[in-house]
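Take a look at the letters that make up each chain.
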Amino acid sequence: MSMNLFFRAFTQQEIDDMGKDHTLIDRWVEDEKYSVETDIETAWDVLKEILDGVGILIGEQIDDALFNGCALISSDTVKDQAQKLADWTHEQVVEGLRNLDEDEDLYHLDLFQEDEEYLLEQFDCLVAFYKEAAEKGLGALSYAA
C-alpha cells in the first residue's frame, strides 16, 4: 500500500484550535473543513530529501490525530515555506533527483528516477498549495495516509 502526503489549509485560528483540542483534527479533515488542499502522493520522501525538508514534515507534530498523526503548520511558516519553494526550479529538482544516492532508502525513489516528469508534477502541486495558502494567509495541516 502506498503512503501519500496530504496538505489541507485552515485559518490560523483553526490551526490554534486544533493545537489545543486534537479531536478537532479528525473531525475537520473528515468534514472537509478546508479551502485549499493538495496531495503530493508518494513523492513526499524524495522531495523532502531533494528540497532539504522545505515544505515537508515541518510544523508542530501531533501524534494522537488521524491514523498516522499530523503536523500543524502556522500561517507564518506557510508564508516562509512558500517563499523558499518559489526559489526552486524544475531544473534544480531534477538535478537533485539525479544526484540522489540510489542506495538511499527513499520511498519510491526508483519510480521517480524512471519518471522525472511525475516528480515535477508533485513538486508543482506542493508549490501551488503553499503559494495559494500563503496568499490567503492560511496555516496548514499535513498528514500521511
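Look a little higher up for the structure.
Residues numbered from 1 in each chain as written. Predicted model: local features only at pLDDT ≥ 70, side-chain atom pairs only at ≥ 80, totals over all residues. Heavy atoms only, no water.

(A) Representation of the packing of helix α4 (residues 75–86) against helix α7 (residues 116–135) in the model. Put simply, α4 and α7 touch, their axes get as near as 8 Å, and they point 135° apart. Judged on the interaxial angle alone, α7 and α4 are oblique. The chirality of how α4 crosses α7 is left-handed. On α7, the residues touching Val78, Lys79, Gln81, Ala82 and Leu85 of α4 are Phe123, Leu126, Val127, Tyr130, Lys131, Ala133 and Ala134. Classifying every residue of the contact of α4 with α7 gives nine nonpolar, one polar and two charged. (Axes fitted to C-alpha atoms, helices over the stretch in contact; angles between N-to-C directions. Helix = DSSP H or I, 4+ residues; strand = E, 2+ residues; numbered from the N terminus. Parallel < 35°, antiparallel > 145°, perpendicular 65-115°, else oblique. Left-handed = near helix turned anticlockwise from the far one by under 90°. Contact = heavy atoms within 4.5 Å. Nonpolar A, V, L, I, M, F, W, Y, C, P; charged D, E, K, R; others polar.)

(B) Layout of the pairing of strand β5 (residues 139–144). Across the six residues that make up β5, a large majority, five, are buried. Across six bridges, strand β1 (residues 5–10) lies against β5 in antiparallel orientation. Across the sheet, the residue bridging to Phe10 is Gly139, located in β5. (Buried < 20%, exposed > 50% of the residue type's maximum accessible area, 1.4 Å probe, protein only. Pairing = 2+ DSSP bridges.)

(C) Layout of the layout of surface pockets. Empty space within the largest pocket amounts to approximately 180 Å³. Surrounding the largest pocket, 13 residues form its lining, Leu5, Leu57, Gln61, Asn68 and Ala144 being those nearest its centre. For the lining of the largest pocket, the elements supplying multiple residues, two or more each, are β3 (60–62), β4 (70–73) and β5. Residues of the lining of the largest pocket, tallied by class, amount to eight nonpolar, four polar and one charged. (1 Å grid on protein atoms, 1.4 Å probe; cavity = no way out; pocket = protein on both sides within 12 Å on 5 of 7 lines; lining within 4 Å. Points joined across faces, edges and corners; volume = space filled by probe spheres on them.)

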